[in-house]
Amino acid sequence: MSKVTVVGAGNVGATCANVLAVKKVASEVVLIDIKEGVAEGKAMDIMQTAQLIGFDTVVKGVTNKYEETANSDVVVITSGIPRKPGMTREELIGVNAGIVKSVAQQILKYSPKAILVVVSNPMDTMAYLTMKATGLKKNRVIGMGGALDSSRLKYYLSQKLNCNARDVEGFVIGGHGDTTMIPMARFATYKGIPVTNFMTKADLDEVVKATMVGGATLTGLLGTSAWMAPGASAAAVVDAIINDQKKMIPCSAYLNGEYGCKDIYMGVPCIIGKRGIEKIVKLRMTNAEKELFAASYAAVAKTTGILKEINAL
């Protein structure tokens, strides 16, 4: 029996809960929100598809009753305000820091052994805040961003190659931001063959640029942050934990010496299993990639430093 709590019943949280149910990742999913009736309604809506789709997961919605989340194996934190058109993830920090810190502390009262998956933006900084504010070991706090950014890279690759997206592999590291993420184009493959065999450098450059503004592109089209891919990405990380898949998934992890970084959460390839982040995979990067990563580190460090300025830690 496995139990997952999703905090925040907005678009991302509800999508995550729905994917967890449809894929039968957990036997129970608790959807909790601060707004009366929202989590209950969305949970009911999901459960009304159980017979149609064919899943046995029980999805329950509650309003601010954290005792109902007790003994969760994994908790996904999506709480916070979403990005609006023209707004950066960094601008969200002041509001979302207080929300995420409070949520994490309340969750651990009832699920002291839970692994926390952070989705709230700015995601790298919120993951850092969560670990520092709770005192949890670094393997138990995971930032989802790299999984989402990598899924967007694979989408754009498949569009350019006009192929099935499941035949494409690729990943993104660095900060979870439009100017800080680093799509690792030279590692991208199509059925195990480097994509450079199928597209020009100009085409690949277009894919990289599209990936980096993937979130902003959707925000412009939708008028708010995207939710389908973010929710599914969070669910994929949860799946890897609950089912001990030992999958290599790019996630925001605590680095304290790895990749030449200290005391920061950044996106890197990680092995995800029942203990959360079980290993950080070290890449052999080119000098150009090292420079990009160093620049990303500086930018994320600057944003994370705001936590101390506003006394959020």
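Below or above, wherever it landed, is the structure these notes cover. (Residues numbered from 1 in each chain as written. Predicted model: local features only at pLDDT ≥ 70, side-chain atom pairs only at ≥ 80, totals over all residues. Heavy atoms only, no water.)

## Details of the packing of helix H6 (residues 145-161) against helix H7 (residues 201-212)
Link 1 in the chain: Running from N to C, H6 and H7 cross one another at 145°; their axes reach a closest spacing of 9 Å. As H6 runs across H7, the sense of the crossing is right-handed. Note on element contacts: H7 touches H6 through Asp203, Leu204, Glu206, Val207, Ala210 and Thr211, opposite Asp149, Arg152, Leu153, Tyr156, Leu157 and Lys160.
Link 2 in the chain: Here the contact of H6 with H7 is composed, by residue class, of 6 nonpolar, 1 polar and 5 charged. (Axes fitted to C-alpha atoms, helices over the stretch in contact; angles between N-to-C directions. Helix = DSSP H or I, 4+ residues; strand = E, 2+ residues; numbered from the N terminus. Left-handed = near helix turned anticlockwise from the far one by under 90°. Contact = heavy atoms within 4.5 Å. Nonpolar A, V, L, I, M, F, W, Y, C, P; charged D, E, K, R; others polar.)

## Overview of the packing of aromatic side chains
Link 1 in the chain: The final tally for this structure, using the stated rule, is 5 aromatic pairs.
Link 2 in the chain: Between Phe171 and Phe187, the aromatic rings sit 5.4 Å apart at their centres with planes inclined by 35°, giving tilted as the arrangement. Here the residue Phe171 occupies a position in the loop between strand S7 (168-169) and strand S8 (172-174), and Phe187 occupies one in the loop between strand S9 (181-183) and strand S10 (189-190), the gap between them amounting to 16 residues.
Link 3 in the chain: Given the relative accessible area of 16%, Phe171 is considered buried.
Link 4 in the chain: Accessibility expressed as a relative area gives 30% for Phe187, which makes it partly exposed. (Phe/Tyr/Trp six-rings, centres within 6.5 Å; stacked < 30°, edge-to-face > 60°. Buried < 20%, exposed > 50% of the residue type's maximum accessible area, 1.4 Å probe, protein only.)

## A look at the sheet that holds S7
Within a sheet, adjacent strands bond to each other through the backbone by hydrogen bonds, running parallel or antiparallel.
Link 1 in the chain: The 3 strands lie next to each other as S7-S10-S11, forming an open sheet whose pairing is antiparallel. Of all the strands in the sheet, just S7 and strand S11 (193-194) have a single pairing partner and so form its edges.
Link 2 in the chain: Note: S10 against S11, 2 bridges, orientation antiparallel. What sits directly across from Thr189, in S11, is Pro194. (Pairing = 2+ DSSP bridges.)

## Some words on helix H8 (residues 214-222)
Given 3.6 residues per turn, any residue in an α-helix points the same way as the ones three and four places further on.
Link 1 in the chain: Within H8 the residues assigned to the buried category are Gly214, Gly215 and Thr219. Buried residues of H8 fall within an arc of 135° about the axis and therefore sit on the same side. Across H8 from its buried face, at more than 90 degrees, point the exposed residues Gly220 and Leu221.
Link 2 in the chain: Looking at the packing, one finds that the buried side of H8 touches H6 and H7.
Link 3 in the chain: Directly beyond the C-terminal end of H8, a positive phi value near 85° is found at Gly223. (Arc of directions from axis to C-beta.)

## Quick notes on the nonpolar core
Across soluble globular proteins, nonpolar side chains show a tendency to be buried alongside one another.
Link 1 in the chain: Core analysis: the largest hydrophobic core is formed by 54 residues, its most contacted members being Leu20, Ile272 and Phe293.
Link 2 in the chain: Excluding residues that lie within four positions of it along the chain, Phe293 makes contacts with Ile173, Gly174, Ile182, Leu255, Tyr259, Cys261, Met266, Gly267, Val268 and Met285.
Link 3 in the chain: Within the second largest apolar cluster, 28 residues are counted, among which are Val62, Ala97, Val100 and Ala127. (Core = buried A, V, L, I, M, F, W, Y, C linked by side-chain atoms within 4.5 Å.)

## Describing the environment of Trp227
Link 1 in the chain: Take Trp227: it is sitting in the loop between H8 and helix H9 (228-242).
Link 2 in the chain: In this structure, the C-alpha to C-alpha distance between Trp227 and Asn11, residues 216 residues apart in sequence, is 5.5 Å.
Link 3 in the chain: Ignoring sequence-local partners within four residues, the contact set of Trp227 consists of Asn11, Val12, Thr15 and Leu222.

## Quick look at the pairing of strand S14 (residues 276-280)
Link 1 in the chain: Relative to S14, strand S13 (residues 264-273) runs antiparallel, the two sharing 4 bridges. Paired with Gly273 across the two strands is Gly276, which belongs to S14.
Link 2 in the chain: From the end of S13 to the start of S14, which pair antiparallel, there are 2 residues.

Bear in mind that shape data such as this cannot, by itself, settle questions of function.
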